[in-house]
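Each chain is listed here by its residues.
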Amino acid sequence: MLARNDSLVIEFILAGLTDHPELQQPLFHLFLMIYVVTMVGNLGLIILIGLNSHLHTPMYYFLFNLSFIDLCYSSVFTPKMLMNFVFRENTISYVGCMTQLFFFLFFVISECYMLTSMAYDRYVAICNPLLYKVSMSHQVCLVLSLAAYVMGFAGASAHTGCMLRLTFCNVNVINHYLCDILPLLQLSCTSTYVNEVVVLIVVGINITVPSFTILISYIFILSSILHIKSSQGRSKAFSTCSSHVISLFLFFGSAAFMYLKYSSPESMDLGKISSVFYTNVVPMLNPLIYSLRNKDIKVTLRKSLRTMF
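Computed from a predicted structure; not experimentally measured. (Residues numbered from 1 in each chain as written. Predicted model: local features only at pLDDT ≥ 70, side-chain atom pairs only at ≥ 80, totals over all residues. Heavy atoms only, no water.)

Participant: Give a description of the overall build of the protein that names residues and reports values.
Facilitator: Tallying secondary structure elements over the protein gives 10 helices and 5 strands in all. What you see for the protein is a C-alpha radius of gyration of 21 Å, in line with the 19 Å of a compact globule of 309 residues. For the C-alpha atoms alone, the extent of the protein along its principal axes is close to 70 × 45 × 30 Å. Across the 309 residues of the protein, 48% fall into the buried class. Counted over contacts in the protein with a minimum sequence separation of 6, partners at least 24 positions apart contribute 78%. Of the accessible surface of the protein, which amounts to about 15500 Å², a share of 70% is contributed by carbon and sulfur atoms. Seen as two clouds, the 17 positive and the 13 negative side-chain charges of the protein have centres 22 Å apart. (Helix = DSSP H or I, 4+ residues; strand = E, 2+ residues; numbered from the N terminus. Rg over C-alpha atoms; globule rule 2.2 N^0.38 Å. Buried < 20%, exposed > 50% of the residue type's maximum accessible area, 1.4 Å probe, protein only. Contact = heavy atoms within 4.5 Å. Areas by Shrake-Rupley, 256 points an atom, 1.4 Å probe, with all protein chains shown as cover. Lys, Arg positive; Asp, Glu negative; His and termini not counted. Charge placed at Lys NZ, Arg CZ, Asp CG, Glu CD.)

Below is the structure:
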């Protein structure tokens, strides 16, 4: 263990996803494949939406931002995670750990509110279609997306600020593959009461408020869909929302399991597995879900590929 002033930790050791040596190489190839698919899928959506003017609508504006967030927050920890599968010494500096924690939380919280904005967009499109262009103007979309990033910055600053006040000594092994809140709290040799209160308040707000808003939006959406007389219209409305619902279920379900539970060492091991879903799997699946289930994206992609080749 490296120490500062004979006691204070200046480096952490990331325990990683597993301590079984025989699994390191298979997991490296698995997560490398996931990362490549994530990068190609999200970058492809960003380029596709950016270069095609007929996709410059509120729905695709939020999808553009969602892909940008997924691209960035996967890159915050995945390269380090992949290195940890290869090298024996999986160390990260104190400054590097706090930096990773901040940007990881910034993008995760921003995604919560970007998904909420997308639910509101679908609510307006289905429940108030005649007022859609007015209700979801460029200014409104800009405010909603900026609000998502502001909430991400505020939440990340609160958590990271509280973490910086803690003292870490003696034990420096983080029981995770990234610098996350709960594994770091277990290493502190000073009181974590304030941090635990902040976790309950901030995480509670950032999960319950978006979840409640999304739930109310989809109650109204479902009610409006059931009142559509034509089966073709109902099918189109369900198809528009289904991809968003799948993405929401995966992201909020795994995130809630990770943070809104008792943080014992046993539950932390389960938490590492559940966190794989919202840190690795969801960013990979989002572009696949939104492209494979979206007619406009598929048609535009085919046209773009024909033009290129």
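Text resumes after the structure shown.
Participant: Mind laying out the nonpolar core, listing which residues take part and the relevant values?
Facilitator: Grouped together as the largest cluster of nonpolar side chains are 79 residues, with contacts concentrated most on F12, F31, Y73, M163, F168, L184 and F251. Ranked by residues supplied to this core, first place goes to helix α3 (residues 94-127) with 19 residues. Not counting chain neighbours up to four residues away, the residues in contact with L184 comprise F12, C97, M98, L101, M163, F168, I174 and C179. (Core = buried A, V, L, I, M, F, W, Y, C linked by side-chain atoms within 4.5 Å.)

Participant: An account of the pattern of salt bridges is requested, with residue identities and associated values reported.
Facilitator: One pass over the full model with this rule turns up 1 salt bridge. Note that R122 is salt-bridged to D121, the shortest N-O span being 2.9 Å. With a relative accessible area of 10%, R122 lands in the buried category. Assessed through its relative accessible area of 1%, D121 is described here as buried. (Salt bridge = Lys/Arg side-chain N within 4 Å of Asp/Glu carboxyl O.)

Participant: I'd love a proper account of the UniProt feature "transmembrane region" (unreviewed entry) in the protein, names of residues and values included.
Facilitator: Here, UniProt's "transmembrane region" (unreviewed entry) annotation points to residues 27-48, 60-79, 91-109, 130-151, 197-225, 237-260 and 272-292. Counting secondary structure, residues 130-151 comes out at 82% helix and 0% strand; the distance between its end C-alpha atoms is 30 Å. As annotated, residues 197-225 comprises 100% helix and 0% strand, and the C-alpha atoms at either end are separated by 41 Å. (UniProt positions renumbered as here; feature names shortened; annotations may be inferred.)

Participant: Tell me about a positive patch on the surface, and name the residues and values.
Facilitator: There is a patch of like positive charges on the surface, built from K298, R302, K303 and R306. In this fold, R306 is placed in helix α10 (residues 295-308). Judged by its relative accessible area of 59%, R306 is exposed. (Patch = residues over 30% accessible without salt bridge, like charges linked within 9 Å, V, L, I, M, F, W, Y side chains within 5 Å.)

Participant: Describe the sheet that holds strand β4 (residues 91-93), with residues and values.
Facilitator: Two pairing modes exist for strands in a sheet, parallel and antiparallel, and in both the strands are linked by backbone hydrogen bonds. The 3 strands are arranged β4-β3-β5 in an open sheet whose pairing can be described as mixed. Edge positions in the open sheet fall to β4 and β5 (173-174), since each of these has one partner strand only. Contacting β3 (11-14), β4 and β5, α3 runs over the sheet at an angle of about 85° to β4. (Pairing = 2+ DSSP bridges. Axes fitted to C-alpha atoms, helices over the stretch in contact; angles between N-to-C directions.)

Participant: Describe the packing of aromatic side chains, and please don't skip the residues or the numbers.
Facilitator: Per the stated rule, a full pass over the model turns up 16 aromatic pairs. Through a chain of ring-to-ring contacts, three or more aromatic side chains come together here, namely F102, F103, F106, F107, Y149 and F153. (Phe/Tyr/Trp six-rings, centres within 6.5 Å; stacked < 30°, edge-to-face > 60°.)

Participant: Any chance you could break down the layout of surface pockets for me, citing the residues and the numbers?
Facilitator: Size it by volume and the second largest pocket reaches roughly 420 Å³. Considering the residues around the second largest pocket, the lining is formed by 20 residues, among which V40, G44, L45, L48 and L301 are closest to the centre. Broken down by secondary-structure element, the contributors of at least two residues to the lining of the second largest pocket are α1 (21-51), α9 (265-292) and α10. Top element by residues in the lining of the second largest pocket is α1. It accounts for 9 residues. In the lining of the second largest pocket, the residues fall into 14 nonpolar, 5 polar and 1 charged. (1 Å grid on protein atoms, 1.4 Å probe; cavity = no way out; pocket = protein on both sides within 12 Å on 5 of 7 lines; lining within 4 Å. Points joined across faces, edges and corners; volume = space filled by probe spheres on them. Nonpolar A, V, L, I, M, F, W, Y, C, P; charged D, E, K, R; others polar.)

Participant: So, the packing of α3 against helix α7 (residues 193-226): which residues are in play, and what are the values?
Facilitator: In contact at an axis separation of 9 Å, α3 and α7 are set at 15° when each is read in the N-to-C sense. As far as their axial angle goes, α7 and α3 are roughly parallel. The hand of the α3/α7 crossing is left-handed. Across the interface between the two elements, I109, C112, Y113, L115, T116, A119, Y120, R122, Y123, I126 and C127 of α3 pack against I205, N206, P210, T213, I214, S217, Y218, F220, I221, S224 and I225 of α7. Its residues assigned to classes, the contact of α3 with α7 comprises 16 nonpolar, 5 polar and 1 charged. (Parallel < 35°, antiparallel > 145°, perpendicular 65-115°, else oblique. Left-handed = near helix turned anticlockwise from the far one by under 90°.)

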